[in-house]
Amino acid sequence: MKVIDKIQRAEQEGRFFYSFEFFPPKTPQGVQNLYDRIERMQRFGPEFIDVTWGAGGSSADLTTEMVANAQAVYGLETMMHLTCTNMPVEKIDQALKAAKDCGCQNILALRGDPPKGQLNWESCDNGFEHAVDLVRYIRKQYGDYFCIGVAGYPEGHIDNPDKEDDLRRLKEKVDAGADLIITQLFFDTNAFTTFVTRCRDIGITCPILPGIFPIQNYNGLKRVISFSNNQVPQKIWDDLEPIKDDDAAVKEYGINLTVEFIREFRKAGINGFHIYTFNLERSTRLILEKLDLMPAMEDVKPLPWNPSLTAKRAKENVRPIFWKNRTKSYIQRTESWDEFPNGRWGDSRSPAFGELDGYGVSLKYPTQECLKMWGHPTSTDDIALLFAKYCKGSIAGIPWSAQQLEAETQIIRQRLAAINLLGFLTINSQPAVNGAKSSHPVYGWGPKNGYVYQKAYLEFFVSPEQLDQLTAKISKNPQVTYYAVNRKGDLRSNIMQEGDQPNAVTWGVFPGAEVIQPTIVESMSFMAWKDEAFELWNEWARIYDRESDSAKMILDIMNNWYLINIVHNDFQDENGIWRLFDLEVDQIANQKQHLFDLIA
């Protein structure tokens, strides 16, 4: 069924309606757990769901698989994203055919984001330049078979400073055959209602669904708004300031703020909304409960499953059990097990694992700003100096981190800078913490009156020669565990032979609650991250001429060095991890004094 028909029916009945967005997870376990989550969230009564499409079709097979399963297995009307990015007509045709073959009648037609290593968006050969071209093509090839959605930007598209022109381009997409508009996220309801008024004034009459992002954590909010320059009202920043280190409190604030937004929409006559779930469940459920929108079970599905939307299975009244039955208590205990994701440090089994920003592998600065910060390094010493300067706060970022180091790193900045000068190029770290109060201004997080713990952790790039020396030291210390991998995927570890289990490196103990374990290290998540970690070297090299000494040296590191993470498992020993480097650090005055002087 077309989504537009469902929306029009809901509007005629004068009732609220809503939809959810999901993205293809990065790991096989994440995919399986997302299916479990989608099955539960189907019971929340969405009119439809949509599934995102990786740039250039990078997740195309998984997207179409998810769309097919959502339609056939879970009985959910599904809208498939489709972008112009790196998509020649042949790929577009394949995607549309796959959608039709699985019974999907809904496409969200998007231009997409710039391909990897490209500052500005450019069309590919035999492809489309704008979303309107894609809308026209779908209509030409399939007539009215598909319902077509397009994106709207209440604050204007980041690539178009002329808001009036941006609005005219939106009308062009609607006139070309788009049936509805789903907006980019925003945090100012006035911006949305003004946007709707302006759309109506120029003759856009189709439904406009506000895209809502429930705030999940403080740093996640800062990261998300940086990609489209979203404006966040000062009141929200003021409200978040006293609770920004308490993820549970920030999440609760995000839920209540979203409820407030939706109530304002309804007063303005907007009855539908679209939730960017980020593959998380709890916030969505609580928002719907607070709005009294959760349907009764008998209204959701008359059978123990939701009937299939695939014609061949639509009349099934018997189905083999292929998914383990969950008791209610199990659901309550597990629906929020990954509600505090920490990017790639989260659990790779989580459907939300690895979704740092949704924009793929890229440098977070314009090319000219990158060149200004990083210059033209031609040796490993030059690279080491840049990493050390970042650790000391002398430059704003490196390809692996676009933000300044967290406050907790202050006590280890000097040591981080020193080991970088020795060729251990750090991209992540945390000091050991043994029972700090959850209200601690530097180490604290989570609910009040609790205690937080963390193991010392280091992640860095290292040459094969230095890796051999380092792992020889590690082999003599039973408290240290590590994973190391090169770009080709050759994995080394002192854990694998003993059974690879998730290793908690951050946890918290709070009154009246189970232990919260938001940060782990394990091989699957490390291997999922390594592709991105090495690709960022390639992105860095792209800002130089490919034949330059800078590009050649950076690519040599990418192709030959290892990425390693080290955990010192005795969290009561705050200096334990540094003893692996003490001998070299003592020799720094003799070996690297000229570099050390540059950052002192």
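Starting from 1, residues in each chain are numbered consecutively following that chain's sequence as written. Local features in a predicted model are, by the rule used here, given only for residues with pLDDT of at least 70; side-chain atom pairs are given and counted only at 80 or more, and totals for whole chains, interfaces and linings are based on all residues. With hydrogens and water stripped out, all remaining heavy atoms of the structure feed into the side-chain values.

**Q** What exactly am I supposed to notice about the overall build of the protein chain here?
**A** For helices the rule is a DSSP run of H or I covering at least 4 residues; for strands it is a run of E covering at least 2, with both sets numbered from the N terminus onward. Assigned secondary structure in the protein chain consists of 22 helices and 18 strands. With a 1.4 Å probe rolled over the protein chains alone, any residue whose accessible area is under 20% of its type maximum counts as buried; one over 50% counts as exposed, and the rest are partly exposed. Counting across all 600 residues of the protein chain, residues that qualify as buried make up 56%. Contacts spanning at least 24 positions in sequence make up 74% of the contacts within the protein chain whose residues lie at least 6 apart. Note on areas: these come from Shrake-Rupley sampling with a 1.4 Å probe, and a residue is covered only by the protein chains present in the view. In the structure as shown, the protein chain presents an accessible area of about 26,400 Å², 48% of it carried by carbon and sulfur atoms. In this analysis, two residues are considered to be in contact whenever any of their non-hydrogen atoms come within 4.5 Å of each other.

**Q** Is there a simple way to think about the state of the cysteines in this case?
**A** Among covalent bonds in proteins, the disulfide is the one between the sulfur atoms of two cysteines. Cysteine sulfur atoms that pair up within 2.5 Å are treated as a disulfide. Using the criterion set out here, one finds zero disulfides in the structure. Here Cys-104 stays unpaired: no disulfide links it, and the sulfur of Cys-102, its closest cysteine neighbor, is 5.5 Å away. With no disulfide of its own, Cys-206 lies 7.8 Å from the sulfur of Cys-199, the closest cysteine sulfur.

**Q** Quick question: what am I supposed to make of the sheet that holds strand β11 (residues 433–437) here?
**A** Think of a sheet as strands paired side by side through backbone hydrogen bonds, with each pair either parallel or antiparallel. Two strands form a pair only when DSSP identifies at least two bridges running between them. In spatial order, the strands read β11-β12-β16-β17; together these four strands make up an open sheet with antiparallel pairing. In this open sheet, the two strands that pair with only one neighbour each are β11 and β17 (516–521). For this sheet, the mean inter-axis angle between neighbouring strands, taken without regard to orientation, is 15°. In terms of strand pairing, strand β16 (residues 503–509) meets β17 through four bridges, oriented antiparallel. Considered in β17, the bridge of Thr-506 is made with Thr-519. For helices, the fitted line uses only the C-alpha atoms of the stretch in contact; every axis is such a line through C-alpha atoms, and the angle between N-to-C directions lies from 0 to 180 degrees.

**Q** Where do I start with the packing of aromatic side chains in this structure?
**A** The relation between two aromatic rings is expressed through the spacing of the ring centres and the mutual angle of the planes. Stacked, tilted and edge-to-face are the three classes assigned to paired rings of Phe, Tyr and Trp, where Trp is represented by its six-membered ring and a pair needs centres within 6.5 Å; plane angles under 30 degrees give stacked, over 60 edge-to-face, the rest tilted. Per the counting criterion, the structure on display carries 30 aromatic pairs. Judged by centre distance (6.0 Å) and plane angle (75°), the ring pair of Phe-460 and Phe-581 falls under edge-to-face. Separated by 121 residues along the polypeptide, Phe-460 in strand β13 (residues 456–462) and Phe-581 in the loop between β18 (562–568) and α20 (582–586) bring together distant segments of the chain. Assigned by exposure class, Phe-460 and Phe-581 land together as buried. Connected via pairs of aromatic rings, a cluster forms that spans Trp-374, Phe-387, Trp-400, Phe-461, Phe-534, Trp-537 and Trp-540. In this analysis the charged atom, NZ for Lys or CZ for Arg, is taken to sit over a ring once it is within 6 Å of the ring centre and within 35 degrees of the ring normal. Above the plane of the ring of Tyr-145 lies Lys-100, whose end atom (NZ or CZ) is 4.9 Å from the centre. One Lys or Arg, Arg-492, reaches over the ring of Tyr-562 and ends 5.9 Å from the middle of that ring.

**Q** How should the pairing of strand β14 (residues 480–486) be read in this particular structure?
**A** If a strand is regular, its side chains alternate between the two faces of the sheet. Counting buried residues in β14 gives seven out of seven residues, a clear majority hidden from the surface. Judged by which residues are buried, β14 turns out to be covered on both faces: Val-480, Tyr-482, Ala-484 and Asn-486 on one side and Thr-481, Tyr-483 and Val-485 on the other are all buried. For β14 and β18, the ladder comprises seven bridges, and the chain directions are antiparallel. When the bridges of β18 are listed, Thr-481 appears paired with Val-567. Sheet analysis places β14 next to strand β15 (residues 491–493), joined by three bridges and oriented antiparallel. Bridging across to β15, Val-485 finds its partner in Leu-491. Hairpin connection from β14 to β15: four residues lie between these consecutive antiparallel strands, with Gly-489 at a positive phi of about 100°.

**Q** Please clarify how unusual backbone geometry should be interpreted in this entry.
**A** With the exception of glycine, most residues fall at negative phi, and the peptide bonds are largely trans. The residue Phe-278 is not glycine, and still its phi comes out positive at about 55°. As for its position among the elements, Phe-278 is in the loop between β9 (272–276) and α11 (282–290).

**Q** So what exactly am I meant to see when it comes to the sheet that holds strand β3 (residues 78–83) here?
**A** With parallel pairing, nine strands are arranged side by side in an open sheet as β7-β6-β5-β4-β3-β2-β1-β9-β8. Every interior strand has two partners, whereas the edge strands, β7 (208–209) and β8 (211–212), have only one. With five bridges connecting them, strand β1 (residues 17–22) and β9 associate as parallel partners. Residue pairing for β9: Phe-20 is matched across the bridge by Ile-275.

**Q** For this particular structure, what's the right way to read the packing of helix α2 (residues 28–42) against helix α3 (residues 60–72)?
**A** To describe two helices that pack against each other, one gives the angle between their axes and the distance between the axes. Contact pair α2 / α3: the axes reach a minimum separation of 12 Å and the direction vectors enclose 25°. By the angle between their axes, α2 is roughly parallel relative to α3. The handedness of the crossing between α2 and α3 comes out as right-handed. When α2 is examined against α3, the residues Val-31, Leu-34 and Tyr-35 are found in contact with a partner set consisting of Leu-62, Glu-65, Met-66 and Asn-69. Following the grouping adopted for this structure description, the nonpolar residues are Ala, Val, Leu, Ile, Met, Phe, Trp, Tyr, Cys and Pro, the charged ones are Asp, Glu, Lys and Arg, and the polar ones are all others, Gly among them. Its residues placed into classes, the contact of α2 with α3 shows five nonpolar, one polar and one charged. Note on angle classes: values under 35 degrees are labelled roughly parallel, values over 145 roughly antiparallel, values of 65 to 115 roughly perpendicular, and the remainder oblique. The handedness criterion is simple: a crossing whose near helix is rotated anticlockwise from the far helix by less than a right angle is left-handed, and one whose near helix is rotated clockwise is right-handed.

**Q** Any chance you could explain the side chain of Thr-277 here in plain terms?
**A** Inspection of the secondary structure assignment puts Thr-277 in the loop between β9 and α11. In this structure Thr-277 comes out as buried when scored by relative accessible area, which is 2%. Any pair of nitrogen or oxygen atoms within 3.5 Å is treated as a polar contact; in protein, a donor-acceptor pairing is required on top of that, and neighbouring residues in sequence qualify only through side-chain atoms on both sides. At 2.6 Å, the side chain of Thr-277 forms a polar contact with the backbone oxygen of Glu-21.

**Q** Sorry, what's going on with helix α7 (residues 189–201) here?
**A** Each full turn of the α-helix corresponds to 3.6 residues, which orients residues three or four apart in the same direction. One fewer than the residue count of a helix, multiplied by 1.5 Å, yields its expected span. With 13 residues, α7 should cover 18 Å at 1.5 Å per step; its first-to-last C-alpha distance of 18 Å lies within 8% of that length. Turning to α7, its buried residues are Thr-189, Ala-191, Phe-192, Phe-195, Val-196 and Cys-199. One face of α7 carries all of its buried residues, which in axial projection span an arc of 160°. Opposite the packed face of α7, turned more than 90 degrees from it, sit the exposed residues Asn-190 and Asp-201. Elements in contact with the buried residues of α7: β5 (147–152), α6 (163–175), β6 (180–183), β7 and α10 (247–267). Sitting at the head of α7, Asp-188 places a side-chain oxygen 3.0 Å from the backbone nitrogen of Asn-190. Picture the helix axis, draw a direction to every C-beta atom, and the arc is the one those directions span.

**Q** I tried to follow the packing of α6 against α7 on my own but got confused; where do I start?
**A** Remark: α6 packs on α7, axes separated minimally by 10 Å, with the N-to-C direction vectors making an angle of 60°. In terms of orientation, α6 and α7 fall into the oblique class. The handedness of the crossing between α6 and α7 is right-handed. Residues Lys-163, Glu-164, Leu-167 and Leu-170 of α6 form the contact with α7, whose own contacting residues are Phe-195, Arg-198 and Cys-199. Grouping the constituent residues of the contact of α6 with α7 by class yields four nonpolar, no polar and three charged.

**Q** I'm lost on the nonpolar core in this one. Help?
**A** Soluble, globular proteins show a tendency: their nonpolar side chains are buried together. Counting residues in hydrophobic clusters, the biggest one holds 101 residues, and the most contacted among them are Phe-20, Leu-82, Phe-187 and Phe-273. With eight residues, α10 is the single largest residue contributor to this core. With sequence-adjacent residues up to four places away left out, Phe-20 is seen in contact with Met-41, Phe-44, Pro-46, Phe-48, Ile-49, Asp-50, His-274, Ile-275, Thr-277, Thr-284 and Leu-288. Among the buried residues, those of types Ala, Val, Leu, Ile, Met, Phe, Trp, Tyr and Cys that are joined through side-chain atoms within 4.5 Å form a nonpolar core.

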